[in-house]
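Here are the chains, one letter per residue:
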Amino acid sequence: MNGGQVGRSRSAVVQPCARCGARWAVQGKPLHWCPRCHGVLLSPAPVDAPADRRNYRWVARPPGRKSAAAQPVRRQVNPETPRYHQIPQWGLHDRPPVEAAAPRRPLAAWSDRIGVLLPVTAGLFVLAALAELGRYGILLRNRTRLIQPWLLWISDGAVTVLAIAALAVALAAAVALVGWLTETRRAAYASLGETDPRPLRTLVLGCVVPVVNLVWPGVFLTEVARLRIADGTDPRLLRAVRIWWAAWLVNAVLVVVSVLYRFAGSLQAQADGVLFSMWTDLVAAGVALASLALVRSFAGLDLRGRPKTLRRWVIATAPARPVIEPVRPGVTESAERAPAVAVGNDEVTAEQQEVVAK
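The structure contained in this document is the topic of the report that follows. Quantities reported herein were computed from a predicted structural model and do not represent experimental measurements.

Turning our eyes to something else, we now look at the overall build of the chain. When you go through the chain residue by residue, the secondary structure sums to nine helices and three strands. Along the chain direction, N to C, the helices and strands of the chain fall in the order β-β-β-α-α-α-α-α-α-α-α-α. Among the 358 residues that make up the chain, the fraction classed as buried is 27%. For the chain, the accessible surface area stands at approximately 26,900 Å², while carbon and sulfur atoms represent 61% of it.

With that settled, consider unusual backbone geometry. The backbone of Val 211 sits at a positive phi, close to 70°, despite the residue not being glycine. By the element assignment, Val 211 lies in the loop between α4 (200–208) and α5 (216–230). Given the relative accessible area of 64%, Val 211 is considered exposed.

Once that is clear, we can look at the sheet that holds strand β2 (residues 23–25). Strand order across the open sheet formed by three strands is β2-β1-β3, with antiparallel pairing between neighbours. This sheet does not close on itself; its edge strands, each paired only once, are β2 and β3 (45–46). Sheet analysis places strand β1 (residues 13–16) next to β2, joined by three bridges and oriented antiparallel. In the strand pairing of β2, Gln 15 is matched with Trp 24.

Quick look at the pattern of salt bridges now. With the rule as written, the count across this model stands at four salt bridges. Linking Arg 185 and Asp 196 is a salt bridge whose minimum nitrogen-to-oxygen distance equals 2.8 Å. Of this pair, Arg 185 sits in helix α3 (residues 149–191) while Asp 196 sits in the loop between α3 and α4, placing them eleven residues apart in sequence. When its relative accessible area of 0% is taken as the criterion, Arg 185 is described as buried. Salt bridges here are not isolated pairs; linked through shared partners, they connect Arg 185, Asp 196, Arg 198 and Glu 223.

A few words now on the packing of aromatic side chains. Tallying each qualifying case throughout the model produces four aromatic pairs. Seen in terms of ring centroids, Tyr 261 and Phe 276 are 5.5 Å apart; in terms of plane orientation they differ by 40°. Their pairing is tilted. Residue Tyr 261 is found in helix α6 (residues 237–261), and its partner Phe 276 is found in helix α7 (residues 267–298); the two are separated by 15 residues along the sequence.

With respect to the helices, strands and loops of the structure, Thr 121 is situated in helix α2 (residues 114–141). The residues contacting Thr 121, other than those within four sequence positions of it, are Val 169, Ala 170, Ala 173 and Ala 288.

In the structure shown here, the tally under the stated rule is zero disulfides. Unpaired in terms of disulfides, Cys 20 finds its nearest cysteine sulfur in Cys 37, a separation of 3.5 Å. The closest cysteine sulfur to the non-disulfide-bonded Cys 34 is located on Cys 17, 3.7 Å from its own sulfur.

This paragraph deals with the pairing of β1. Of the pairings in the sheet, the one linking β1 to β3 comprises two bridges and is antiparallel in character. By the bridge assignment, Val 13 is partnered in β3 with Pro 46. If you look at the hairpin formed by β1 and β2, you'll find six residues sitting between the two strands, and Gly 21 has a positive phi there, around 85°.

Okay, α7 next. Helical periodicity: at 3.6 residues per turn, an α-helix aligns residues three or four positions apart in one direction. Given a rise of 1.5 Å per residue, 32 residues ought to cover 46 Å, and the 47 Å separating the end C-alpha atoms of α7 matches this to within 8%. Directly beyond the C-terminal end of α7, a positive phi value near 80° is found at Gly 300.

The next point concerns the nonpolar core. Counting 37 residues, the largest nonpolar core has Ile 114, Trp 180, Leu 221, Leu 294 and Phe 298 as its most contacted members. Only α2, α3, α4, α5, α6 and α7 provide two or more residues apiece to this core. Sorting elements by how many residues they give to this core places α3 first, with eleven residues. If sequence neighbours within four positions are ignored, Trp 180 has contacts with Ser 111, Ile 114, Leu 221, Leu 294, Val 295 and Phe 298. Core analysis: the next-biggest nonpolar cluster, separate from the first, contains seven residues, Cys 17, Ala 22, Trp 24 and Cys 37 among them.

The rules behind these values
- Residues numbered from 1 in each chain as written.
- Predicted model: local features only at pLDDT ≥ 70, side-chain atom pairs only at ≥ 80, totals over all residues.
- Heavy atoms only, no water.
- Helix = DSSP H or I, 4+ residues; strand = E, 2+ residues; numbered from the N terminus.
- Buried < 20%, exposed > 50% of the residue type's maximum accessible area, 1.4 Å probe, protein only.
- Areas by Shrake-Rupley, 256 points an atom, 1.4 Å probe, with all protein chains shown as cover.
- Pairing = 2+ DSSP bridges.
- Salt bridge = Lys/Arg side-chain N within 4 Å of Asp/Glu carboxyl O.
- Phe/Tyr/Trp six-rings, centres within 6.5 Å; stacked < 30°, edge-to-face > 60°.
- Contact = heavy atoms within 4.5 Å.
- Disulfide = S-S within 2.5 Å.
- Expected span 1.5 Å × (residues − 1).
- Core = buried A, V, L, I, M, F, W, Y, C linked by side-chain atoms within 4.5 Å.

In C-alpha cells:
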C-alpha cells in the first residue's frame, strides 16, 4: 500500500473516492474526504462486494484516460493598480428614490370630484325650482283658460327629469362629502400624531342613516373644526360649520313638509305643494353651495376657490393720524404777487396794463 491507498495487496474494506476513483483502506474510523483531491469518499465496503451490497457503481472509461486530480482554482493577483481611461459607468447612476406607495383612500374616486359635483347639484336644483315655478304658472293660467296638452307634457317631463337628475347627483355629492370628511379628519388627527378615534363605519353610518344624519355630520365637522382652530387655522371654521348645519336642518324640515303636501286632497293644497317644492329646491341648492363653501373653507379658500385673507382687528392705543393733510383756505400765489391796491380794482389794473403797453 502507498499512503493507505490499496495497491496490489487489497484490503478487505475500502472507501472509493467519488471524484478521482482512488480507493483508501479503512483503518479504524471511516474518512469523509479524499486525502488526494478532497473529494467525497463513499461508504466503506469490501473490495470484491457485489453491486447489491454497495451504494455506488463503477463507470468504465476508455483505456489510457485518467482522471486528473482536481486542482484548487487560484486567482491571479495583478500587482498593478487598476486604471481607467474614462470615467466608469458602474455605480454612478443617480437614480431617484422610490416613493412609498400612498395609502389607499376610501371613496377617493368620489372625493376628488367634489368640486364639480356640488356646483352641478346646485345648478340642477335651481333648474328643478324653475320647472316647479313653471308648473305653478300653468296652474294659475288653467284657472281661466284651458292649457294645451303638449305644454302639460313638457312641464311634467321637465319636473320629473330634473327632480330625478338633481337627486341622483345630490346622492353622488353626498358620497363625495363622506369621503372628504374621512380624509379631513384623518389628516387633522395625523397632524397631531394621533389617529381618528371614530372608525370609518361610524362615520359612514352617521352620515347615511336617515334622521341620524341630521345630528352626527355636524358633530363630526365640529370636532375636526376645533382641531384645526387649535392648530392655528382660520377661527371662522366653527362658524361656517354651524351655518352649514343650520341650513342642513332647515332643508330636512322643508323636504318633510314637501312630501306631506303630496298627500293633500284639495286642489289648492296641491298647488301650494308645487310652490313649496320650488322653495325646497332653492334651499337644497343653497345647501349644496354651503357645502362647497365649507369644503373650501377647510382648504383655506373662499367660495370662488381663491385664497382667504385673514383680517385681525386690534385696539388702537394711539390717536389716529390723517394720511392726507386737510385742505385749508389760504391766499393764492397770484394774489400774493399782486399789490394790495390792485386787487379787486379794475381801474388800477387797466392803468398798469396801459403803462406796460407803452
